[in-house]
Amino acid sequence: MLAPSDGEKCNVVLLGGPGAGKGTQAEKLLEDRRMQHLATGDILRDEVDKGTELGLKAKKYMDKGELVPDDLVVDMVQKRLTDQKGYLFDGFPRTMDQAKALGRVLDLDLVAYIKISKSEAVRRLSSRRVCRDCGRIYNTIFKSPEREGVCDECSGNLYQRDDDKPEVIRDRFATFLDETAPLIDFYRERGLLEEIDGEQQPEEVQAEIESALHQGTG
Ligand code: AP5
Ligand code: MG
Ligand code: ZN
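Residues numbered from 1 in each chain as written. Chains lettered and ligands numbered in written order. Predicted model: local features only at pLDDT ≥ 70, side-chain atom pairs only at ≥ 80, totals over all residues. Heavy atoms only, no water.

Below, the discussion takes up empty space enclosed by the protein. To find leftover empty space, one rolls a probe the size of a water molecule over the atoms. Within the structure shown, the criterion is met by one cavity of 30 Å³ or more. Around the largest cavity, the lining residues are V74, V77, Q78, L81, F92, A101, L102 and V105. Only helix 4 (70-78) and helix 5 (96-105) provide two or more residues apiece to the lining of the largest cavity. Class assignment of the residues belonging to the lining of the largest cavity gives a composition of seven nonpolar, one polar and no charged. (1 Å grid on protein atoms, 1.4 Å probe; cavity = no way out; pocket = protein on both sides within 12 Å on 5 of 7 lines; lining within 4 Å. Points joined across faces, edges and corners; volume = space filled by probe spheres on them. Helix = DSSP H or I, 4+ residues; strand = E, 2+ residues; numbered from the N terminus. Nonpolar A, V, L, I, M, F, W, Y, C, P; charged D, E, K, R; others polar.)

Attention now goes to the pattern of salt bridges. Opposite charge on two side chains allows them to pair when their charged atoms are near. All told, the structure shown has 20 salt bridges when counted by the stated rule. Two residues, D163 and R172, come together in a salt bridge whose shortest N-O distance is 3.6 Å. R172 shares its class with D163; the two are buried. Overlapping salt bridges, with partners in common, bring together R128, R161, D163, D164 and R172 in one network. (Salt bridge = Lys/Arg side-chain N within 4 Å of Asp/Glu carboxyl O. Buried < 20%, exposed > 50% of the residue type's maximum accessible area, 1.4 Å probe, protein only.)

To continue, consider the pairing of strand 5 (residues 128-131). The sheet contact formed by strand 5 and strand 6 (residues 137-139) spans three bridges and is antiparallel. Bridge pairing links V130 to I137 in strand 6. As defined by bridge partners, strand 5 adjoins strand 7 (residues 158-159) across two bridges and the pair is classed as antiparallel. Counterpart to V130 in the pairing with strand 7 is Y159. (Pairing = 2+ DSSP bridges.)

For the rest of this paragraph, the subject is the sheet that holds strand 5. Spatial ordering of the open sheet is given by 6-5-7, a layout of three strands whose pairing is antiparallel. Two strands close off the open sheet at either side, each with one partner strand: strand 6 and strand 7.

All we've got here are geometric facts, nothing functional implied.
Below you can see the structure in the form of structure tokens.
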């Protein structure tokens, strides 16, 4: 039984296309767990905001809905694997090479594949807002803040991501199908995959992930 909330180490991947709810579920899962959240998209956006060399390189790909090259992303993740708590990977791995690189450094306990349709992704992402300060995720249709444009948690400003334009969302979805979807079978064959219906209420999605976490999959 895997029970990271009871102090056991546990490494989990949230796998899913754009708008599947990876970040939303990570927020929920981390409410009562001491795992380290490793969200490669968030880290890359932070690098872009800071104008670092990595950020400047990454932005060209992100703006087009393409993947940032594996060597840059793997190096960035490896530098952050310093902790002993167990990891919640969000948006990583995203290619076979990334999955193999990760497999060389740690064992995974669960890959939760959160599945949604392309039309649902476009709908959710066109209405997503994110807090500039704490990263909390909102939605103008499904989960609006108490005050428009202001984060309930920290009063930070809410903004719309540059890649949340309908044409880029479609390219990101196509990139997911081409480059990331092969990981579904890769992890299924290893007995690690749990497929989750992402088009339910966020609490129902969470309950399915929690249940997979507590049962183990292998
Ligand atoms: P990344 O930031 O990871 O973007 P993504 O994978 O496209 O996923 P999103 O963050 O858009 O969606 P999410 O699944 O987190 O959904 P959320 O919870 O926000 O990556 C961005 C870019 O960085 C990539 O395109 C690539 O260029 C680069 N990159 C990142 N990682 C990389 C890697 N490993 N290798 C190479 N390049 C990499 O939810 C979405 C919206 O829906 C929200 O408004 C939310 O409130 C709402 N919502 C969530 N759940 C529900 C629900 N159940 N019902 C209704 N609404 C919901
Ligand atoms: Mg996300
Ligand atoms: Zn905030």
